[in-house]
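Residue-level listing of the chains:
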Amino acid sequence: MNAYLSVWRLRFINGMQYRAAAYAGMATQLFFGLVFIMIFVAFYQHSTQEQPISLKDVISYTWLQQIFLAFIMLWFRDNEIFQLITGGNIAYELCRPCGIYEFWFSKLLAQRVSSAALRCFPILIVAFLLPRPYRLQLPPSLTAGLLFVVSLLLGLLVVVSISMLIYISVFWTMSPVGSTLLIAVAGEFFAGLVIPVPLMPAWLQQIANALPFRWTADFPFRVYSGQIPQAEALWGILIQLLWLAALVGFGRWSLHRALRQVVVQGG
Amino acid sequence: MITLQGISKSFRVAKRSAGMRQAMKALFVREHAIVDALRDISFTIKEGEIVGYIGPNGAGKSTTIKVMSGIMVPDRGSCSIMGYTPWQERRAYVGNIGVVFGQRSQLWWDVPVIDSFELLRDIYKIPHRSYAGNLDLLTETLGLGSLLQTPVRQLSLGQRMRCEIAASLLHGPKILFLDEPTIGLDAISKIAVRQFIKTINKEKGVTVILTTHDMSDIEALADRILMIGNGTLLYDGNLDELRGRFGTHRTVTVDYRANATPLDIPGASLLSWSPERAVLSVDTEQVLMALVIARLSEQVELVDVAIETKPVDELIVELYKEHRI
């Protein structure tokens with residue numbers, strides 16, 4: 001088996017062990033999903049203006065956020081990699097005949113996928129069975145559904161490539177706290193996880209559009225409900241690919257630089 | 001097989017003294033000290049050798065291992081191992097070496113050992129047949145048997161270390177770097193590990209470089225010693241030579257039937273004396289041991305005689321002293 005596939009597999013198996021965390025996560029995510037939707041329902045009932053996104057779409061948006069939380073959250077972190085760098089175990093990673101970037105990328109990907117695999121199906125079922133207006137709607141067409149899957153997976157890759165930069169920064173900062181917090185707070189806001197991007201004021205939307213974060217969550221979730229039409233979705237997927245290439249390129253370059261001057265901590 | 005030429009490496013270390021004032025000051029001005037970890041290290045190691053690499057803590061042993069295994073880039077100097085420059089052709093090179101860092105772990109903590117091994121098989125692209133062969137050999141010689149199915153977190157240190165060593169050898173490397181492989185092990189595990197190192201050196205011709213603070217490791221294994229202190233190579237030779245240099249003194253402990261008069265042996269100095277036992281120090285370059293024993297038996301009724309050479313540990317301490325490190 002390919003080395004990267006193999007580490008993916010092992011990390012996946014490892015991640016599937018944490019059942020208690022998965023149950024707790026499911027309960028929390030259902031709770032938050034319902035609370036957010038209640039707020040939006042109240043907001044839509046009392047607003048006099050026409051909103052740029054319909055309540056039905058915002059509800060799908062909110063549920064998808066909760067269901068695929070593990071795909072989009074930037075605070076999701078692998079302490080093992082941090083310890084590897086700050087504790088010096090990276091010495092072992094460096095004497096393997098494979099690329100560190102790809103190796104860690106596979107690990108992080110597996111961690112998110114295993115976490116999502118444990119949680120997404122039960123929440124998905126519950127969200128489909130809830131009474132209106134809380135119910136999650138099906139996508140309007142099969143094409144929209146397919147485009148959603150493609151854009152969600154590309155978004156996942158973009159998230160992992162952003163989080164790779166957090167890990168790489170630890171080579172210089174020696175502590176993951178600052179960079180995780182900074183990128184997580186800013187990134188999640190601009191990904192539309194606090195307020196959906198269409199509900200932001202125009203100037204803020206422009207900033208969000210210029211950053212990669214929106215393409216990881218906001219974009220696929222709006223493709224799902226058809227709020228972003230299909231032609232526009234295809235362009236969006238192209239932009240996702242460009243971001244992915246840029247982030248991976250930059251990540252590999254900075255990792256290469258970090259390793260040139262690596263100091264294995266702790267003797 | 002391994003040639004190092006003028007390898008140097010220095011680190012920048014942030015420094016400040018204890019206390020609040022110093023800590024506040026360090027917010028604005030950081031002082032750095034340059035520490036020379038390695039200064040102009042050169043040596044050659046031939047195929048099939050077992051080399052013990054020794055030196056006090058912080059002498060630069062681990063740094064040398066890291067340079068040789070392609071993890072660290074030295075500031076100056078050249079290094080050629082099996083035709084590769086480790087830090088330049090890292091990915092092609094590391095498939096030929098195995099590394100064990102005694103203080104670190106390469107096994108996945110939460111899963112059975114065998115899962116980590118299979119991951120390594122895929123990483124090193126080991127063909128299935130040679131993987132099975134190597135695994136069998138390692139399981140047998142290191143006594144892994146039932147350990148393979150156990151999660152790593154439930155293994156004892158000695159069991160884990162045996163698994164770590166096995167993990168570093170699955171891909172059949174030509175060179176094995178061991179950085180303190182016996183640290184914290186009990187006597188049985190230590191002997192098992194040493195025996196194993198000897199076996200793979202003899203049977204598979206693996207070149208072994210090991211660092212250790214345990215001189216009995218060196219005594220049991222190494223044909224050759226490299227000693228480093230303050231980043232400089234101080235000694236390169238075998239253990240017997242070292243013994244010859246410092247080790248002409250013997251300690252003789254004698255038990256005898258009660259005797260009231262203190263012993264007086266020409267050529268030997270008395271270290272301690274009681275009516276039943278005496279400890280003498282003899283320099284074998286000055287006086288023959290046979291003569292000392294003969295005189296002893298003239299003066300007292302000997303019950304028991306024990307002659308000890310100076311322990312290797314003390315030889316090393318003297319060597320460190322000689323070089324003021």
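See above for the structure.
Residues numbered from 1 in each chain as written. Chains lettered and ligands numbered in written order. Predicted model: local features only at pLDDT ≥ 70, side-chain atom pairs only at ≥ 80, totals over all residues. Heavy atoms only, no water.

Per the secondary structure count, chain B includes 11 helices and 13 strands. A compact globule built from 325 residues would reach a C-alpha radius of gyration of about 20 Å, whereas chain B, at 25 Å, exceeds it by more than 25%. Principal axes of the C-alpha set define a box for chain B whose edges measure 75 × 55 × 45 Å. Taking contacts inside chain B between residues at least 6 apart in sequence as the whole, the part at least 24 apart equals 70%. Between the mean site of the 37 positive side-chain charges and the mean site of the 38 negative ones, chain B shows a separation of 10 Å. (Helix = DSSP H or I, 4+ residues; strand = E, 2+ residues; numbered from the N terminus. Rg over C-alpha atoms; globule rule 2.2 N^0.38 Å. Contact = heavy atoms within 4.5 Å. Lys, Arg positive; Asp, Glu negative; His and termini not counted. Charge placed at Lys NZ, Arg CZ, Asp CG, Glu CD.)

Take unusual backbone geometry next. Omega for the bond connecting Arg132(A) with Pro133(A) falls within 30 degrees of zero, at 0 degrees, which places this linkage in the cis form. Inspection of the secondary structure assignment puts Pro133(A) in the loop between α7 (100-129) and α8 (142-173). Look at Asp40(B): it is not a glycine, yet its phi comes out positive at around 50 degrees. In this fold, Asp40(B) is placed in strand β2 (residues 31-45). For Asp40(B), a relative accessible area of 54% corresponds to the exposed category. Notably, Met82(B) is not glycine yet its phi reads approximately 50 degrees, a positive angle. The topology assignment puts Met82(B) in the loop between β4 (76-81) and α3 (90-93). (Buried < 20%, exposed > 50% of the residue type's maximum accessible area, 1.4 Å probe, protein only.)

The next thing to look at is the nonpolar core. Membership of the largest hydrophobic core comes to 152 residues, with the highest contact counts inside it found for Trp63(A), Trp104(A), Phe171(A), Met68(B), Phe117(B), Phe177(B) and Ile209(B). In terms of residue count, α8(A) provides more of this core than any other element does, 16 residues in total. Counting 14 residues, the second-largest nonpolar core is a separate cluster that includes Val252(B), Val254(B), Ile265(B) and Leu296(B). (Core = buried A, V, L, I, M, F, W, Y, C linked by side-chain atoms within 4.5 Å.)

This part is about the pairing of strand β12 (residues 277-283) of chain B. Residue and element names in this part refer to chain B. Of all seven residues in β12, six are buried; the element is thus mostly enclosed. Across seven bridges, strand β10 (residues 249-256) lies against β12 in antiparallel orientation. Directly across from Asp 255, in β12, lies its bridge partner Arg 277. By the bridge criterion, five bridges tie strand β11 (residues 268-273) to β12 in an arrangement that is antiparallel. In the strand pairing of β12, Ala 268 is matched with Val 282. Hairpin geometry of β11 and β12 is characterised by an intervening segment of three residues between the two adjacent antiparallel strands. (Pairing = 2+ DSSP bridges.)

With that settled, consider the pattern of salt bridges. For the coordinates displayed, the defined rule picks out 15 salt bridges over all chains. Close ionic contact of Arg214(A) with Asp218(A) constitutes a salt bridge, the shortest N to O distance being 2.7 Å. In this structure Arg214(A) comes out as buried when scored by relative accessible area, which is 8%. The partner of Arg121(B) in a salt bridge is Asp122(B), with the nearest N and O atoms 3.4 Å apart. In this structure Arg121(B) comes out as buried when scored by relative accessible area, which is 14%. Owing to a relative accessible area of 5%, Asp122(B) belongs among the buried residues under this scheme. What you see here is one network of salt bridges that share partners, running through Lys190(B), Arg194(B), Asp214(B) and Asp217(B). (Salt bridge = Lys/Arg side-chain N within 4 Å of Asp/Glu carboxyl O.)

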